[in-house]
Amino acid sequence: MTISPRHLLPAALLLCAAPALRAQSATADSLWAAGEYAAARGAYERALHDNPGWVRGLFRLGILAAWDGRLDSALALLRDAREMEPAEPDVRIWEAKVLAWQGRYREATLRYDSLLAEQPGHRDARFGRAQAFAWSGRHAEADREFRALVAADPADAEALVALAQLRQWQGRPDEASHY
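Here the structure is a predicted model, which means the values were calculated and not measured.

1. Let's talk about the packing of helix H8 (residues 139-152) against helix H9 (residues 157-169)
Relative orientation of the contacting elements H8 and H9 amounts to 150°, with a least axis distance of 9 Å. Between H8 and H9, the interaxial angle falls into the category roughly antiparallel. As H8 packs across H9, the resulting crossing turns out to be left-handed. In this structure, H8 contributes His 139, Ala 142, Asp 143, Phe 146, Arg 147, Leu 149 and Val 150 to the contact, and H9 contributes Ala 159, Leu 160, Ala 162, Leu 163, Leu 166, Arg 167 and Trp 169. Tallied by class, residues from the contact of H8 with H9 come to 10 nonpolar, one polar and three charged.

2. A word on the packing of aromatic side chains
Considering all chains together, one arrives at eight aromatic pairs under this definition. With a centroid separation of 5.1 Å and 75° between ring planes, the pair formed by Trp 32 and Tyr 37 is classed as edge-to-face. Here Tyr 37 falls in the partly exposed class, since its relative accessible area comes to 32%. Taken together, a centroid distance of 6.3 Å and an interplanar angle of 70° make the contact between Trp 32 and Tyr 44 edge-to-face. In this pair, Trp 32 sits in helix H1 (residues 5-33) while Tyr 44 sits in helix H2 (residues 37-50), placing the two residues 12 residues apart along the sequence. Residue classification places Tyr 44 among the buried residues on the basis of a relative accessible area of 0%. An aromatic cluster of at least three residues, connected via ring pairs, comprises Trp 32, Tyr 37, Tyr 44, Trp 54, Trp 67, Trp 94 and Trp 101. It is Lys 97 that lies over the ring of Trp 94; its NZ or CZ is 4.3 Å from the centre.

3. Brief notes about the side chain of Arg 92
When you line up the elements, Arg 92 lands in helix H5 (residues 89-101). For Arg 92, the contacting residues outside a window of four places in its chain are Arg 82, Pro 86, Ala 87, Ser 114, Leu 115 and Glu 118.

4. Re the nonpolar core
Ranked by size, the top nonpolar core spans 35 residues in total, and within it Tyr 44, Trp 94 and Val 98 carry the most contacts. At the level of elements, H1, H2, helix H3 (55-67), helix H4 (71-84), H5, helix H6 (105-118) and helix H7 (123-135) are the ones that each hand at least two residues to this core. With eight residues, the top contributor of residues to this core is H3. Once residues within four sequence positions are removed from consideration, Trp 94 is found in contact with Phe 59, Ile 63, Ala 66, Trp 67, Leu 78 and Trp 101.

5. Comments concerning the pattern of salt bridges
Following the criterion strictly, the structure yields 20 salt bridges and no others. The shortest N-O distance in the salt bridge between Arg 82 and Glu 95 comes to 2.5 Å. With Arg 82 in helix H4 and Glu 95 in helix H5, the pair connects residues that are 13 residues apart, well separated along the chain. According to the relative accessible area criterion, Arg 82 is partly exposed, its value standing at 23%. Residue class for Glu 95 comes out buried when judged on its relative accessible area of 3%. With a shortest N-O distance of 2.9 Å, Glu 118 and Arg 92 are connected by a salt bridge. On the criterion of sequence distance, the pair formed by Glu 118 in helix H6 and Arg 92 in helix H5 is long-range, its members being 26 residues apart. When its relative accessible area of 8% is taken as the criterion, Arg 92 is described as buried. The network of salt bridges with shared partners includes Asp 143, Arg 147, Arg 167, Arg 172 and Glu 175.

The rules we used
- Residues numbered from 1 in each chain as written.
- Predicted model: local features only at pLDDT ≥ 70, side-chain atom pairs only at ≥ 80, totals over all residues.
- Heavy atoms only, no water.
- Axes fitted to C-alpha atoms, helices over the stretch in contact; angles between N-to-C directions.
- Helix = DSSP H or I, 4+ residues; strand = E, 2+ residues; numbered from the N terminus.
- Parallel < 35°, antiparallel > 145°, perpendicular 65-115°, else oblique.
- Left-handed = near helix turned anticlockwise from the far one by under 90°.
- Contact = heavy atoms within 4.5 Å.
- Nonpolar A, V, L, I, M, F, W, Y, C, P; charged D, E, K, R; others polar.
- Phe/Tyr/Trp six-rings, centres within 6.5 Å; stacked < 30°, edge-to-face > 60°.
- Buried < 20%, exposed > 50% of the residue type's maximum accessible area, 1.4 Å probe, protein only.
- Lys NZ or Arg CZ within 6 Å of the ring centre and 35° of its normal.
- Core = buried A, V, L, I, M, F, W, Y, C linked by side-chain atoms within 4.5 Å.
- Salt bridge = Lys/Arg side-chain N within 4 Å of Asp/Glu carboxyl O.

See below:
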């Protein structure tokens, strides 16, 4: 079997482009880690131009869009990332979180439940589900979830604050101050 030069060209181009793609990815990730989010956004966008299937780039751009309040754009980016890596828990959690921010609590809860069915002890999914319960007015369920998180880790500051906030919403300020 002979391989024609016409077939070798795409493979050669990929091999030449790989180091540049790795460098773009590393630059974007280092800017993200340094908290330079505006610069990271540009770096992720440039890297995704050359590698549209880069899940971490889509994921991080989704987070940045959510932080900017562009929730529909965030969901689109997160959906694309999830389609490429359906089992990635961070992408699934952020998708659920953004749905909750949009007030789509039922959808958010379903996303959290799906992840928790696979990983019952996943702390962030448990917290997110409890938060969606609280925001949607399902206070008894939220209370159970937050208390379970605090029982598992009495130093879980995020769960303690959420429990205090829930108590405040319930008109129980004395108990809120306890947390």
